[in-house]
2 protein chains.
Amino acid sequence: MKARLTERQNQAYEFIRSYMRTHRKPPTLKEIGQALGIRSTNGVFKLLRALETKGYLQREPNAARGLRLADDEADPFALDEGAPTLVVVSRTASDQPEQLRRRPSGYLTVDPYFLRGVMDPETCVIGRAGDDGMNGDGIRKGDFVVIEEAPWNQLRNGELSAFLVGEELLIRRFYFANDRLHLRPADRTYTEETFSPADPRCHVIGRVIALMRRLR
Amino acid sequence: MKARLTERQNQAYEFIRSYMRTHRKPPTLKEIGQALGIRSTNGVFKLLRALETKGYLQREPNAARGLRLADDEADPFALDEGAPTLVVVSRTASDQPEQLRRRPSGYLTVDPYFLRGVMDPETCVIGRAGDDGMNGDGIRKGDFVVIEEAPWNQLRNGELSAFLVGEELLIRRFYFANDRLHLRPADRTYTEETFSPADPRCHVIGRVIALMRRLR
DNA sequence: AAACAGGGTGAAAAGATTTTCACTTTATTG
DNA sequence: CAATAAAGTGAAAATCTTTTCACCCTGTTT
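Definitions and limits used
Residues numbered from 1 in each chain as written. Chains lettered and ligands numbered in written order. Predicted model: local features only at pLDDT ≥ 70, side-chain atom pairs only at ≥ 80, totals over all residues. Heavy atoms only, no water. Helix = DSSP H or I, 4+ residues; strand = E, 2+ residues; numbered from the N terminus. Buried < 20%, exposed > 50% of the residue type's maximum accessible area, 1.4 Å probe, protein only. Near = heavy atom within 4 Å. Polar contact = N/O pair within 3.5 Å; in protein donor to acceptor, adjacent residues only side chain to side chain. Nonpolar A, V, L, I, M, F, W, Y, C, P; charged D, E, K, R; others polar. pLDDT = per-residue confidence, 0-100. Contact = heavy atoms within 4.5 Å. Phe/Tyr/Trp six-rings, centres within 6.5 Å; stacked < 30°, edge-to-face > 60°. Lys NZ or Arg CZ within 6 Å of the ring centre and 35° of its normal. Axes fitted to C-alpha atoms, helices over the stretch in contact; angles between N-to-C directions. Parallel < 35°, antiparallel > 145°, perpendicular 65-115°, else oblique. Expected span 1.5 Å × (residues − 1). Arc of directions from axis to C-beta.

1. A short note on unusual backbone geometry
Residue and element names in this part refer to chain B.
Alright, step 1. The phi dihedral of Asn178 is positive, around 55°, even though this residue is not glycine.
Alright, step 2. Examined against the element boundaries, Asn178 turns out to sit in the loop between strand E8 (168-177) and strand E9 (180-184).
Alright, step 3. Despite not being glycine, Asp179 shows a phi value in the positive range, around 60°.
Alright, step 4. Here Asp179 lies in the loop between E8 and E9.
Alright, step 5. For Asp179, a relative accessible area of 60% gives the class exposed.

Structure (structure tokens):
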């Protein structure tokens, strides 16, 4: 059982964790000090040493940002308590669409409210809109889209859907006509593309059921 | 579309990626050099600069381990321990803006990734865009917006912000000029409104930092 | 042939970061 | 009360890291 943390130590610990989440790397002593209002790096140094001896932190001596949380091995899927965590697929996965989930670029937690109607959250992935072709529908390049995986013959005409074409994840309205898949953009500056269902250049991922965007 | 990587650049990129997985932080130039057999940090430096201009990497100048994979948006480390749950404010709260949180119409879980830069998730609430005044910026009526609460004098000019005006939650760009608050829509069909800072008809909630939309 | 991009070497300069030192404050405790 | 632990201040020293400079080598392009 780990030793109890003092209020101040807990603040430091919490800051480090939240910093690591957003920055993908540990903070420097100075950054921690700024966040907690400590002017001397030595003040921070002592806090960290305390956290280390209490077993909350591991430090790598003399290394810049040489911090690591002692218990950060958690499986992202293990802690679903209501909110499922979905794979964010990486753009470099386009060469092997079958292995979308194999090379995740990250994970995002999504409120179940946005997964309404989905039988199994495991059938969903998150991607990022690759262009501005759906600007007219309020979807911008870079937006995170929650996609329920589905083969093309399960998509309804006009349904907002996601496709892997070339290196890009395209969001389009899907139509099936004349034995061909039609990907219709909402913007006139983008042209409608059509593919035969068997065309390997176009991989259908599924329907888009939600959208998230970070604004800063 | 991203430029192709050379063999060497790809090796560097892959090393950085695998290093980050195991170490939970980016490597130093020296560490990269050791892994690839490059004796001069300058050799590594040039590789990184190439990766940056080709869009595979982002660098933070002069910062130790100031690397970040461009294709690595959400948290790859899963330090998760439950995403914060925020209050969704009800539209009927407009009569008593001070008590926004008192009458929640619901709760939503938000991944910490979308709260970047927010010190305390408790300072955030969620509202729903009351009109289409920001259609031009890809925000539609009914969208869920995550708002970091802030008084008007802490908002920067041009910052996407949220206001309670009448019965509606308005999303607008905020400008302060001539001693008045200007709420500027992105759509011509809506007119810019201005208020004196003391005007009780306009209640400033804060800045909009993220957006979520259910699409079915 | 000259010009250029990709990759490197070595060394040095410029910054960033971590550690150490000496001393202070506040609250708690035997 | 004197002793101790937690938390800090300020400054300086010791290390790390990133950046810049000057040059070298090898293909490919012009």
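2. With respect to the protein's contact with DNA strand C
Alright, step 1. In the neighbourhood of DNA strand C, 23 residues make up the surrounding shell, with A:Leu29, A:Asn62, B:Thr6, B:Arg8 and B:Lys46 lying closest.
Alright, step 2. Residue A:Thr41 places a side-chain N or O atom 3.2 Å away from a base oxygen belonging to DNA strand C.
Alright, step 3. With respect to DNA strand C, the side chain of A:Asn42 contributes an N or O atom lying 2.8 Å from a base nitrogen.
Alright, step 4. Elements supplying a minimum of two residues to the surface near DNA strand C: helix H3 (41-53) of chain A together with helix H1 (7-23) and helix H3 (41-53) of chain B.
Alright, step 5. Of all the elements, H3(B) adds the most residues to the surface near DNA strand C, at four residues.
Alright, step 6. Broken down by class, the residue content of the surface near DNA strand C amounts to eight nonpolar, ten polar and five charged.

3. Regarding the environment of A:Thr189
Alright, step 1. Among the structural elements, A:Thr189 can be located in the loop between strand E9 (180-184) and strand E10 (193-195).
Alright, step 2. In this structure, the C-alpha to C-alpha distance between A:Thr189 and A:Gly133, residues 56 residues apart in sequence, is 7.8 Å.

4. Examining the protein's contact with DNA strand D
Alright, step 1. In the region of DNA strand D, 24 residues are neighbours, and A:Thr6, A:Arg8, A:Lys46, B:Leu29 and B:Asn62 sit closest.
Alright, step 2. If you look at DNA strand D and keep only atoms within 4 Å of the protein, 60% of those are sugar or phosphate atoms.
Alright, step 3. A distance of 3.1 Å separates a phosphate oxygen of DNA strand D from a polar side-chain atom of A:Gln9.
Alright, step 4. Separating a base nitrogen of DNA strand D from a side-chain N or O atom of B:Asn42 is a distance of 2.9 Å.
Alright, step 5. Mapped by element, the contributors of at least two residues to the surface near DNA strand D are helix H1 (7-23) and H3 of chain A together with H3 of chain B.
Alright, step 6. Sorting elements by how many residues they give to the surface near DNA strand D places H3(A) first, with four residues.

5. Observations regarding the confidence of the model for chain A
Residues and elements named next belong to chain A.
Alright, step 1. A residue-level look at chain A finds 83% of positions with pLDDT of 70 or above and a mean pLDDT of 82.
Alright, step 2. When mean pLDDT is taken per element in chain A, E9 scores highest with 96 and strand E3 (residues 85-89) scores lowest with 70.
Alright, step 3. Taken together, the stretch residues 73-81 has pLDDT below 50 and engages in 13 contacts with residues farther than four places along the chain or on a different chain.

6. A word on the packing of aromatic side chains
Alright, step 1. In the structure shown here, the tally under the stated rule is 14 aromatic pairs over all chains.
Alright, step 2. Taking 5.6 Å as the distance between ring centres and 80° as the angle between the ring planes, the aromatic pair formed by A:Phe144 and B:Phe114 counts as edge-to-face. Taken together, the residues A:Phe144 in strand E6 (residues 144-149) and B:Phe114 in the loop between strand E4 (104-109) and strand E5 (124-128) connect one chain to another. Residues A:Phe144 and B:Phe114 agree in their burial class; the two are buried.
Alright, step 3. Taken together, the ring pairs in this structure connect A:Tyr113, A:Phe114 and B:Phe144 into an aromatic cluster.
Alright, step 4. Residue placement shows A:Arg128 over the ring face of A:Phe144; its charged tip is 4.2 Å from the ring centre.

7. Describing the packing of helix H2 (residues 29-36) of chain A against H3(A)
The relative placement of two packed helices comes down to the angle between their axes together with the axis-to-axis distance.
Residue and element names in this part refer to chain A.
Alright, step 1. Where H2 contacts H3, the axes come no closer than 9 Å and their chain directions differ by 95°. It follows from the interaxial angle that H2 and H3 lie roughly perpendicular. Mapping the contact onto sequence places Leu29, Lys30, Ile32, Gly33 and Leu36 in H2 and Thr41, Val44, Phe45, Leu47 and Leu48 in H3.
Alright, step 2. Classifying every residue of the contact of H2 with H3 by side-chain character gives seven nonpolar, two polar and one charged.

8. A word on the side chain of A:Asp143
Residue and element names in this part refer to chain A.
Alright, step 1. For Asp143, the position within the fold is in the loop between strand E5 (124-128) and E6.
Alright, step 2. Residue classification places Asp143 among the buried positions, given a relative accessible area of 2%.
Alright, step 3. One polar contact links the side chain of Asp143 to the main-chain amide nitrogen of Arg140, over a distance of 2.8 Å.
Alright, step 4. Other than its neighbours up to four places away in sequence, Asp143 contacts Gly127, Arg128, Ala129, Gly138, Leu211, Met212 and Arg213.

9. Structural notes on H3(A)
Residues and elements named next belong to chain A.
Alright, step 1. In a regular helix each residue adds 1.5 Å, so 13 residues correspond to 18 Å; H3 covers 18 Å between its end C-alpha atoms and thus fits that length.
Alright, step 2. All of the buried residues in H3 are Val44, Leu47, Leu48, Ala50 and Leu51. Down the axis, H3 shows its buried residues gathered within 160° of arc, on one side only.
Alright, step 3. Two residues or fewer after H3 comes Gly55, characterised by a positive phi angle close to 85°.

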